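Summary of the model geometry
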Amino acid sequence: MTQADNKKQLLHLVFGGELDNLQDVQFRDLNALDIVGIFPDYATALSAWKSKAQQTVDNAHMRYFIVHMHRLLDPENK
């Protein structure tokens, strides 16, 4: 195993979509969600999030999120 293989994976999901309104996280169309990807660490996910957020800066209703999947998969070891 390499050093990267020994490193604990802290998976993060980056996704986004257009919101119904700016006060809630209620998506306008669930079928149109943009699943950017799953990333092995927060830094990589943040980079992907910034890129997608910048591309959609002109649409005030478009929002992207980072989900800490590792917390969902193993809630006792945050």
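Here, the structure is the one placed above.
Calculation criteria
Residue positions within a chain follow its written sequence, with the count starting from 1. Residue-level local features of this predicted model are given only where pLDDT is at least 70; pairs of side-chain atoms are given and counted only at 80 or more, and the full residue set underlies all totals for whole chains, interfaces and linings. Side-chain numbers come from the whole structure's heavy atoms, not from hydrogens or water. The rule for a salt bridge is simple: a side-chain nitrogen of Lys or Arg has to be within 4 Å of a carboxyl oxygen of Asp or Glu. Numbered from the N terminus, helices here are DSSP runs of H or I no shorter than four residues, and strands are runs of E no shorter than two. Polar contacts here mean pairs of N or O atoms no more than 3.5 Å apart (in protein, one a potential hydrogen donor and the other a potential acceptor; neighbouring residues in sequence count only if both atoms are side-chain atoms). Any helix carries an expected span of 1.5 Å times its number of residues minus one.

With that settled, consider the pattern of salt bridges. Under the criterion given, the structure shown has 3 salt bridges. For the salt bridge of Glu-18 with Arg-28, the shortest nitrogen-to-oxygen distance reads 3.2 Å. Placement of Glu-18 in strand β1 (residues 12–18) and of Arg-28 in the loop between β1 and β2 (34–39) is noted, with a sequence separation of 10 residues between them. Each of Glu-18, Asp-20 and Arg-28 takes part in one network of salt bridges that share partners.

What follows deals with the environment of His-12. Within the element layout of this structure, His-12 appears in strand β1. Within polar-contact distance, the side chain of His-12 engages the backbone oxygen of Leu-10 at 2.5 Å.

Attention now moves to helix α2 (residues 42–55). Here α2 is 14 residues long and its end C-alpha atoms lie 20 Å apart, about the 20 Å a rise of 1.5 Å per residue gives. N-cap assignment for α2: the residue whose side-chain oxygen lies 3.4 Å from the backbone N of Ala-43 is Asp-41.

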